[in-house]
Number of protein chains: 2
Amino acid sequence: MCSEKNSPWKWIDGGVGAPQGFQATGTMAEIKYKDKYDVALIYSRVPAQAAGVFTRNKVKAHPLLLTQKHLANSLAQAIVANSGNANACVGEPGDRAAEVMAKIAASELGLKAEDVLVASTGVIGVEMPVERVTQGITKAAQDFGATKGGQSWTAQEKIEHAHQAALAIMTTDTLVKEFACELPCRNGVIHLGGIAKGSGMIHPNMGTMLGFLTTDAKLSAAQLQELLRQSVDVSFNMVTVDGDTSTNDMVLFLANGESGVTPEGEEWAAFQEMVKVFCIRLAKEIARDGEGATKFLEVQVTGAESSEDARRIAKSICGSSLVKTAMFGEDANWGRILCAAGYSEARFDPAKVTIYLGDVQVAKNGKGVNFSEEEAKAVLSQKDIKISLLLEDGEAEATAWGCDLTHEYVTINGDYRT
Amino acid sequence: MCSEKNSPWKWIDGGVGAPQGFQATGTMAEIKYKDKYDVALIYSRVPAQAAGVFTRNKVKAHPLLLTQKHLANSLAQAIVANSGNANACVGEPGDRAAEVMAKIAASELGLKAEDVLVASTGVIGVEMPVERVTQGITKAAQDFGATKGGQSWTAQEKIEHAHQAALAIMTTDTLVKEFACELPCRNGVIHLGGIAKGSGMIHPNMGTMLGFLTTDAKLSAAQLQELLRQSVDVSFNMVTVDGDTSTNDMVLFLANGESGVTPEGEEWAAFQEMVKVFCIRLAKEIARDGEGATKFLEVQVTGAESSEDARRIAKSICGSSLVKTAMFGEDANWGRILCAAGYSEARFDPAKVTIYLGDVQVAKNGKGVNFSEEEAKAVLSQKDIKISLLLEDGEAEATAWGCDLTHEYVTINGDYRT
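Residues numbered from 1 in each chain as written. Chains lettered and ligands numbered in written order. Predicted model: local features only at pLDDT ≥ 70, side-chain atom pairs only at ≥ 80, totals over all residues. Heavy atoms only, no water.

Peer 1: Can you walk me through the overall build of chain A in this structure?
Peer 2: Tallying secondary structure elements over chain A gives 11 helices and 15 strands in all. Here the C-alpha atoms of chain A give a radius of gyration of 22 Å, agreeing with the 22 Å that 2.2 N^0.38 yields for 418 residues. For the C-alpha atoms alone, the extent of chain A along its principal axes is close to 70 × 55 × 35 Å. Within chain A, buried positions represent 62% of all 418 residues. Of the accessible surface of chain A, which amounts to about 14600 Å², a share of 47% is contributed by carbon and sulfur atoms. A distance of 2 Å separates the average location of the 40 positive side-chain charges in chain A from that of its 53 negative side-chain charges. (Helix = DSSP H or I, 4+ residues; strand = E, 2+ residues; numbered from the N terminus. Rg over C-alpha atoms; globule rule 2.2 N^0.38 Å. Buried < 20%, exposed > 50% of the residue type's maximum accessible area, 1.4 Å probe, protein only. Areas by Shrake-Rupley, 256 points an atom, 1.4 Å probe, with all protein chains shown as cover. Lys, Arg positive; Asp, Glu negative; His and termini not counted. Charge placed at Lys NZ, Arg CZ, Asp CG, Glu CD.)

Put into structure tokens, the structure is as follows:
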């Protein structure tokens, strides 16, 4: 892993377990599949400030509602999550299942249930197999065993266990999404770790997926919540796979202060930047790993009247089925790009739009230019495609990420439940 | 064709040319393909009241802007339309091409250019082959020849020519969308005719497609515009194929008064109802013929707090990629249906939602019920699938139409332009 150009922080190993005082692990509970990690447990040896951002879907999964309740005091010490079952839309038993998950984790870890946050992902409307999931949680807590406090695992074991947690929240994901980084400060080193899952049912409107972040920085609850909100806005909320905003989406952020460092001034600025870059990196991995995707799309809008306008346009293009299929077909159909900008409900002057595919200008002043189909084809045959819109309406900009729409997406989702 | 149950009107032959004083034809101008009708001309022998509803896309095609201008006086006598080229996003030459189309049609038909409405559909961002399209218009006008006024074509020829107009506006459509009906009134018979094209780039927000309606009823411009708006709201605007709102969408309605009948009282009510049913029939054909579709979806929402809430929910479900792929896969994944309702931004109580697939209840009070997978499979294996959501929030209802998302949609749109 290499450090971000000119940045004071650098990427390290260790995923969500990298920050001091945190550990994470995954177990196999056979919730839906055999031989797949499906229960993740993240633990802080001391109470951590906790923040969350949640789906705006009116239909909210049972664990999500419980987690919102448990976040009321902005404190938490563990996150338990499972894949294979969303625990959504099953009524009373769903509420109970989420509560049981929190209670079992709490009891195994010696915490209050209120200090455990719960998340689930998988099929909607099927009751959680409570016995299996609780067995998985117990096994995970036992993994920590004597290591509570992180003392008895070797560094390598710690990394491997955190990796299992990343595996355990995957559904149709094909890429593991875990990163960690560190920021040297005057009084110590701050670490940041995180895992995420995405793949399908991904559309901007916070949530769009599960993401769990940990840091050993010393932050107030208000700082943490604001930092998370800002970071999610430019990262997870700028990813779209299929326009479907899930019932279960959440990003949680725990800060346990174990580094002893309270970032201030320049260090605070660097830390903020690090968290944003971190979230963007996770978000891009989600887009890249969209269900059935063969192409990664980055849509950059510059020169917009406002950030909101830039965001709307970028997301609209990224989410257009017609743009997505054109990218799949490697067809330089820029008209669909402009069309998608047009129905985004953003303010902009269509007559002043310039469009690039990679470095090939395909439209200027809102109309097509003569471009080399060959050069365009060369851009579109890449796995990563950048679409740029240059407006002349102002100074604001935004970037969104997505993927192409493929036969494989249809295959995956035509037969998900059964 | 059979009459609508208990309705005072009945379905007849003749398409958009059925109303008295109208005639329509199509010609082959090789705009994009050989041996395909691609220029349509609709003509009224007397000036007609004219109304239009247009795309809300900020990027508007050149002919659309011209047509809006020509509608300023609410009068028109002809509609000229082509497929194979959208005449959108090509700048100055696009405006000129649209104007030339109107002028040539006007000159051939002995009208003022302002009385000709122009519409185009096809690929965006490619300049219109003006010579070809104008030759096609001239040929179409010559088809009318001595028949201007509709006297010298036999009834059968009139029907065949009108059918050519329906063929000429098709792009990736596989079904011809043309209907006609008549309403006997005390003082004569009112006729209504219409054609439409849809298929791709279809999403509620008026437009969504091209539709041309004609009637020989005597109506004021204001009546006509209001009737069109109301009818489009419950028909064309309730269809979604892929969520992409096109730059070219419009529905035009001409009323030339040639029946001599001004519908009033009960007859006005019956006429209003006929126009709505007519638009819904065209709209459903568009959904049924969605690009690559193998299933026709009807989503009915009842018991909503307001019509707007019902509409949002119905359209959101109809437009969900995950619902659409589940229907393609014949998978009774009702959780995705409830999820799509949840992100529709409509007001409703998720805990009071009942869901039916056909006549199989799959969820009640917002959670799954034990249903027979076999019975559900029987419903989903049909070509026409009805999804019903029963809310308990009020009395309002709405219905939306759409289709499944298939491998074929991806194939068609991965390679449309080239």
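Right, picking up where we left off after that structure.
Peer 1: What exactly am I supposed to notice about the sheet that holds strand 15 (residues 396-403) of chain B here?
Peer 2: Where strands meet in a sheet, backbone hydrogen bonds hold them as pairs that are either parallel or antiparallel. Residue and element names in this part refer to chain B. An order of 13-12-11-14-10-15 is seen for the 6 strands of this open sheet, with the pairing classed as mixed. Of all strands in the sheet, those with a lone pairing partner are strand 13 (367-368) and strand 15, marking the two edges. As paired elements, strand 10 (residues 296-304) and strand 14 (residues 384-390) share 7 bridges and run parallel to each other. Of the residues in strand 14, the one forming a bridge with E298 is K386. Sheet strands in contact with helix 8 (residues 321-328) are strand 10, strand 14 and strand 15, and its direction is about 135 degrees off that of strand 14. (Pairing = 2+ DSSP bridges. Contact = heavy atoms within 4.5 Å. Axes fitted to C-alpha atoms, helices over the stretch in contact; angles between N-to-C directions.)

Peer 1: I'm lost on the domain arrangement of chain A in this one. Help?
Peer 2: How big an interface is tends to be reported as the loss of accessible area on association of its parts. Residue and element names in this part refer to chain A. Taken domain by domain, chain A consists of domain 1 (10-288) and domain 2 (296-414). The centre of domain 1, based on its C-alpha atoms, is set 32 Å off from the matching centre of domain 2. Taken together, the contact between domain 1 and domain 2 spans 15 residues of the former and 17 residues of the latter. Surface buried jointly by domain 1 and domain 2 totals about 1300 Å² across both partners, of which 62% is contributed by carbon and sulfur atoms. On the domain 1 side of the contact with domain 2, M238, T240 and R288 bury the most area, a combined 45% of that side's loss. The partner of R288 in a salt bridge is D384, and the shortest N-O contact between them spans 3.0 Å. Counting the contacts that link domain 1 with domain 2 gives 3 residue pairs in polar contact (both at pLDDT 80 or more). Class assignment of the residues belonging to the side of domain 1 that touches domain 2 gives a composition of 7 nonpolar, 4 polar and 4 charged. (Domains from an automatic or database assignment. Buried area = accessible area lost by both parts, 1.4 Å probe. Salt bridge = Lys/Arg side-chain N within 4 Å of Asp/Glu carboxyl O. Polar contact = N/O pair within 3.5 Å; in protein donor to acceptor, adjacent residues only side chain to side chain. Nonpolar A, V, L, I, M, F, W, Y, C, P; charged D, E, K, R; others polar.)

Peer 1: Whenever I open this one, the sheet that holds strand 15 (residues 396-403) of chain A confuses me. Can you help?
Peer 2: Residue and element names in this part refer to chain A. The strand order across the open sheet formed by 6 strands is 13-12-11-14-10-15, and the pairing between neighbours is mixed. Single-partner strands in this sheet number two, and they are strand 13 (367-368) and strand 15. Judged from the 2 bridges that link them, strand 12 (residues 360-364) and strand 13 form a sheet pairing that is antiparallel. Bridge assignment links A363 to a residue of strand 13, and that residue is G368.

Peer 1: Please explain the state of the cysteines as it appears in this structure.
Peer 2: Throughout this description, disulfide means a covalent bond between two cysteine sulfur atoms. For the structure on display, the rule yields 0 disulfides over all chains. Here C185 of chain B is not disulfide-linked; the sulfur of C181 of chain B is the nearest cysteine sulfur, at 12 Å. Residue C185 of chain B is classed as buried on the basis of its relative accessible area of 11%. Unpaired in terms of disulfides, C339 of chain B finds its nearest cysteine sulfur in C89 of chain A, a separation of 7.8 Å. (Disulfide = S-S within 2.5 Å.)

Peer 1: I would appreciate a short explanation of the pairing of strand 11 (residues 354-357) of chain A in the present structure.
Peer 2: Residue and element names in this part refer to chain A. Pairing of strand 11 with strand 14 (residues 384-390) involves 4 bridges; the strand directions are antiparallel. Counterpart to L357 in the pairing with strand 14 is I387. Pairing of strand 11 with strand 12 involves 3 bridges; the strand directions are antiparallel. Residue pairing for strand 12: I355 is matched across the bridge by A363.

Peer 1: Help me understand the interface of chain B and chain A, please; the structure alone is not making it clear to me.
Peer 2: Facing the 56 residues of chain B at the interface are 56 residues of chain A. For the pair chain B and chain A, the number of links is 0 salt bridges. Along the contact surface separating chain B from chain A lie 13 residue pairs in polar contact (both at pLDDT 80 or more). When residues of the side of chain B that touches chain A are traced back to their parent elements, those giving at least two are helix 8, helix 9 (334-342), strand 13 and helix 11 (407-414) of chain B. The class makeup of the residues in the side of chain B that touches chain A is 21 nonpolar, 23 polar and 12 charged.

Peer 1: Could you clarify how one ought to interpret the environment of G414 of chain B in this entry?
Peer 2: Following the sequence through the fold, G414 of chain B ends up in helix 11. Note: C-alpha distance between G414 of chain B and W401 of chain B (13 residues apart in sequence) is 24 Å.

Peer 1: What is the right way to look at the relation of the copies chain B and chain A in this model?
Peer 2: Mapping between the two copies of the chain is achieved by a rotation about an axis and a shift along the axis. Mapping chain B onto chain A is achieved by rotating through 180 degrees and translating by 0.0 Å along the same axis, at an RMSD of 0.0 Å. Taken together, the rotation and translation describe the operation of a two-fold axis. For chain B, the minimum C-alpha distance to the rotation axis belongs to H407 of chain B and amounts to 2.5 Å. Mapped onto chain A, 100% of the interface residues of chain B are again interface residues, and the two copies thus contact each other with one and the same surface. (Least-squares fit on C-alpha atoms with pLDDT ≥ 70 in both.)

Peer 1: Just to check I follow, could you spell out helix 4 (residues 155-168) of chain A for this structure?
Peer 2: An α-helical turn contains 3.6 residues, so any two residues separated by three or four positions project in the same direction. Residues and elements named next belong to chain A. Taking 1.5 Å per residue as the helical rise, helix 4 with its 14 residues ought to reach 20 Å, and the 20 Å between its terminal C-alpha atoms agrees with that figure. The complete set of buried residues in helix 4 reads K158, H161, A162, Q164, A165, A166 and A168. Tucked into the core, helix 4 has its buried residues touching strand 2 (22-27), strand 3 (39-54), strand 4 (75-83), helix 3 (130-144), strand 6 (177-185) and strand 7 (188-197). (Expected span 1.5 Å × (residues − 1).)

Peer 1: In this structure, what is going on with the side chain of E298 of chain A? I would like to understand it.
Peer 2: All names here are of chain A. The topology assignment puts E298 in strand 10 (residues 296-304). Owing to a relative accessible area of 17%, E298 belongs among the buried residues under this scheme. A polar side-chain atom of E298 sits 2.9 Å from a polar atom in the side chain of W401. Apart from residues no more than four positions distant in its own chain, E298 is found in contact with K284, I385, K386, I387, T399, A400 and W401.

Peer 1: What's the story with the packing of aromatic side chains in this structure? I'm lost.
Peer 2: The description of an aromatic ring pair rests on the distance of the ring centres and on the angle between the ring planes. One pass over the structure, following the stated rule, counts 12 aromatic pairs over all chains. Look at F179 of chain A and F278 of chain A: their rings are 6.4 Å apart centre to centre, the planes differ by 85 degrees, and that puts the pair in the edge-to-face class. Placement of the pair is F179 of chain A in strand 6 and F278 of chain A in helix 6 (residues 265-288), with a sequence separation of 99 residues. Measuring from ring centre to ring centre gives 5.8 Å for W11 of chain B and F278 of chain B, while their planes differ by 25 degrees; the resulting arrangement is stacked. Note that W11 of chain B is positioned in strand 1 (residues 10-12) and F278 of chain B in helix 6 (residues 266-288), a separation of 267 residues in sequence. The burial state of W11 of chain B is the same as that of F278 of chain B; both residues are buried. Grouping aromatic residues by their ring pairs yields a cluster made of W11, F179 and F278 of chain A. Taking NZ or CZ as reference, R281 of chain B lies 4.3 Å from the ring centre of W11 of chain B, over its face. (Phe/Tyr/Trp six-rings, centres within 6.5 Å; stacked < 30°, edge-to-face > 60°. Lys NZ or Arg CZ within 6 Å of the ring centre and 35° of its normal.)

Peer 1: Even after reading the chapter, I still don't get the pattern of salt bridges, so can you show me in this structure?
Peer 2: Oppositely charged side chains can pair when the atoms bearing their charge come close. If you walk through the whole model with that rule in mind, you get 34 salt bridges over all chains. Notably, a salt bridge pairs E182 of chain B with K10 of chain B, separated by 3.8 Å at the nearest N-O pair. Residue E182 of chain B is located in strand 6 (residues 177-185), and its partner K10 of chain B is located in strand 1; the two are separated by 172 residues in the primary sequence. Residue class for E182 of chain B comes out buried when judged on its relative accessible area of 18%. Between R229 of chain B and D233 of chain B there is a salt bridge, with its nearest N and O atoms 3.2 Å apart. Of this pair, R229 of chain B and D233 of chain B both sit in helix 5 (residues 221-233), 4 residues apart, which is roughly one turn of the helix. The partly exposed category is assigned to R229 of chain B, whose relative accessible area is 38%. Ionic contacts of the salt-bridge type, sharing partners, join the residues D173, K177, K197 and D289 of chain A into one network.

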